[in-house]
Amino acid sequence: MARDVSATSIDAAGGGGAPRVRIDRLGKVFETGKTATVAVQDFSLDIADGEFVCIVGPSGCGKTTVLRIVAGLDRQSSGTLLVRRSAAAAQPLNAMVFQEHGLFPWLTVADNVAYGLEMRGIGKRERLQRIGPFLDMIGLAGFRDHYPGQLSGGMKQRVSIARAFVNDPEILLMDEPFAALDAQNKIIMQEELLRIWERNRKTVIFITHAIDEAITMGDRVVVMTANPGRIKDIVPIAFPRPRNVAELKADPEFGRLSLAIWKLLEDEVRRQRLQG
């Protein structure tokens, strides 16, 4: 199969007003032997610097595939990805938080949070100085010497988020980070993430199945079609920040947005079931 492939490129020069991430007609085809599966097709999206963008869609629509391509963990089959790096930036371009926390069980909380710094060659004294504020921020300073096996699921995910933030990435990529949590811990973690994000306004791409979570967190909600994944619509979220998760859900506008996004998704979910 012939494919028009443009390699991912990084614009180190940047430029005022330019999007932080530009995805143009992105496509991804997975080939197994003689079988080719189109996972993502003609996906185009500009994401501004400091914007919090949530992506929702039916299972298997290619949400995570798009995120992995932006992260550099996979390569597009067609289209172009441009990610603008700040001039002379010393920090990593991006950091990814997965649904599973991915902590090293043999490392303490402090060492897990500092792992990325250590891999970048930063000395122990500086690592300890840099992780301290983030352990305070996530409320786990008193657990710095504990191991993952001694933590709850929510605490582990807070460690995972701190590990991403302490590296000061330009872009934060999150793949359903709270999906495995119960309803109460999910609200707490959403509030925790929003509180941390308000302090530095990183560019965030956040994948979720939950419509309410997307509205709570995002500046825009990107709605994808069933496989092959395309953008069906983009819904702006105008709630002011900072946001209180519990209070936000009591707002009538929250219910209106939830229904509108569900209506966009409903046909796609039904179509996916017929395909399956």
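That block above? That's the structure.
Residues numbered from 1 in each chain as written. Predicted model: local features only at pLDDT ≥ 70, side-chain atom pairs only at ≥ 80, totals over all residues. Heavy atoms only, no water.

### Some details on helix H3 (residues 124–137)
Note the cut-off: In this description a helix means any DSSP run of H or I spanning at least four residues, a strand means any run of E spanning at least two, and both kinds are numbered starting from the N terminus. By definition here, a helix of n residues has an expected span of 1.5 Å times n minus one. The bend reported for a residue corresponds to the angle between axes fitted to the seven residues ending at that residue and the seven starting there. For the exposure calls, accessible area comes from a 1.4 Å probe over protein chains only, and a residue counts as buried if that area is under 20% of its type's maximum, exposed if over 50%, partly exposed in between. Two residues form a contact once any of their heavy atoms are found within 4.5 Å.
If you check H3, its first and last C-alpha atoms are 20 Å apart, about what 14 residues at 1.5 Å a residue would give, namely 20 Å. Along H3, the sharpest kink reaches roughly 30 degrees, centred on Ile131 and followed within four residues by the proline Pro133. If you check which residues of H3 are buried, you get Arg127, Ile131, Gly132, Phe134, Leu135 and Met137. Where H3 is buried, its residues contact helix H2 (109–119), helix H4 (153–166) and helix H5 (183–200). Phi turns positive, to about 75 degrees, at Gly139, one or two residues after H3.

### A look at the pattern of salt bridges
For clarity, the threshold we go by: A pairing counts as a salt bridge when a side-chain nitrogen of Lys or Arg comes within 4 Å of a carboxyl oxygen of Asp or Glu.
For the coordinates displayed, the defined rule picks out 16 salt bridges. Here Asp46 ties to Arg22 by a salt bridge, and the two come within 2.7 Å at their closest N and O atoms. Here Arg22 lies in strand E2 (residues 21–32) and Asp46 lies in strand E3 (residues 35–47), a separation of 24 residues in the sequence. Taking relative accessible area as the criterion, Arg22 reaches 38% and is therefore assigned partly exposed. Close ionic contact of Glu266 with Arg270 constitutes a salt bridge, the shortest N to O distance being 3.1 Å. You can see Glu266 and its partner Arg270 sitting in helix H8 (residues 252–275), 4 residues apart, about one turn around the helix. Through salt bridges with shared partners, a single network forms among Arg20, Asp49, Arg85 and Glu170.

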